[in-house]
Amino acid sequence: MRTGVLVSLILAAVVSLAFAAPPERSTAIFAGGCFWCEETAFEGLPGVISVTSGYTGGHVKNPTYEQVSSGGTGHAESVEVVFDPTKTSYEKLLEVYWHNVDPFQKDGQFCDHGNQYRPAIFYQGEAQKKAAEESKRKLEEDPKFKGKIVTQIVPATEFYPAEEYHQRYFERNPTQGYCTMVVAPKVAKFRKLHLERLRK
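Notes on the structure follow. (Residues numbered from 1 in each chain as written. Predicted model: local features only at pLDDT ≥ 70, side-chain atom pairs only at ≥ 80, totals over all residues. Heavy atoms only, no water.)

1. With respect to the pairing of strand 7 (residues 152–155)
Two strands pair when backbone bridges link them, and strand 6 (residues 120–123) and strand 7 are joined in this way by 4 bridges, in the parallel orientation. Bridging across to strand 7, Ile121 finds its partner in Ile153. On the question of chirality, the crossover connecting strand 6 to the parallel strand 7 by way of helix 5 (residues 126–141) is right-handed. (Pairing = 2+ DSSP bridges. Helix = DSSP H or I, 4+ residues; strand = E, 2+ residues; numbered from the N terminus. Right-handed = clockwise from strand over helix to strand, strands pointing away.)

2. Some points on the packing of aromatic side chains
Evaluated as defined, the whole model comprises 6 aromatic pairs. Put simply, the rings of Phe30, Phe42, Tyr90, Tyr97 and Trp98 pair up and form one aromatic cluster. (Phe/Tyr/Trp six-rings, centres within 6.5 Å; stacked < 30°, edge-to-face > 60°.)

3. So, the pattern of salt bridges
Considering all chains together, one arrives at 2 salt bridges under this definition. For Glu134, the salt bridge is made with Arg137, and the minimal N-O distance between the two is 2.4 Å. Within this pair, Glu134 and its partner Arg137 are both found in helix 5, separated by 3 residues, close to a single helical turn. For Arg137, the salt bridge identified is with Glu141, shortest N-O distance 2.7 Å. Taken together, the residues Arg137 and Glu141, both in helix 5 and 4 residues apart, mark about one turn of the helix. (Salt bridge = Lys/Arg side-chain N within 4 Å of Asp/Glu carboxyl O.)

4. Describing the side chain of Thr73
With respect to the element layout, Thr73 can be found in the loop between helix 3 (65–69) and strand 3 (76–83). Looking at Thr73, its side chain comes within polar contact range of the side chain of His75, at 2.8 Å. In this structure Thr73 touches Gly58, His59, Val60, Gln67 and Val68, once residues within four positions along its chain are discounted. (Polar contact = N/O pair within 3.5 Å; in protein donor to acceptor, adjacent residues only side chain to side chain. Contact = heavy atoms within 4.5 Å.)

5. Looking at the packing of helix 2 (residues 35–42) against helix 4 (residues 90–99)
At a minimum axis distance of 10 Å, the contact between helix 2 and helix 4 shows a crossing angle of 135°. The orientation of helix 2 relative to helix 4 falls into the category oblique. As helix 2 packs across helix 4, the resulting crossing turns out to be right-handed. Residues Glu38, Ala41 and Phe42 of helix 2 pack against Leu93, Val96 and Tyr97 of helix 4. Residue composition of the contact of helix 2 with helix 4, grouped by class: 5 nonpolar, no polar and 1 charged. (Axes fitted to C-alpha atoms, helices over the stretch in contact; angles between N-to-C directions. Parallel < 35°, antiparallel > 145°, perpendicular 65-115°, else oblique. Left-handed = near helix turned anticlockwise from the far one by under 90°. Nonpolar A, V, L, I, M, F, W, Y, C, P; charged D, E, K, R; others polar.)

What follows is the structure, encoded as structure tokens:
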């Protein structure tokens, strides 16, 4: 092969890599009690790019934590999970979600009470809707579970990131009272269930 042709091919390859499409990204939004607990379940999972705590499902634009906590905005504390679908699937994220909530508790989760802590899956598109409904159906058919699952499966609405001090809260405040009494035990239980998946 002539040197000129080889150089041209190398240059073409370099240009192609420089302008290659960014890695695939998809988004999932889940609600299930305090978002401090929710975000820890997804952070560090293979394929998860980022986890953001925030508010969704309400009727007030740019709500604050105080407004949402009052229960008057209709929002649920939630997490937005950005993931690479070539490394993990939406179905796997749903599995993680179900292990981290009480699907039979309607207006609240564990010690957090109020509609702002309701469990809900906010789907984006028909594929996510079908996957969420199928995962719920399988859970309802599991003989280990008794009762009616009340977790909502609803269309995603605008997601508002929570204030900066809420992001990665447990990681940055492990000795805070709520974290030691509520978040830490949930994290320990979850990691025991998903040890293999958490290994990098």
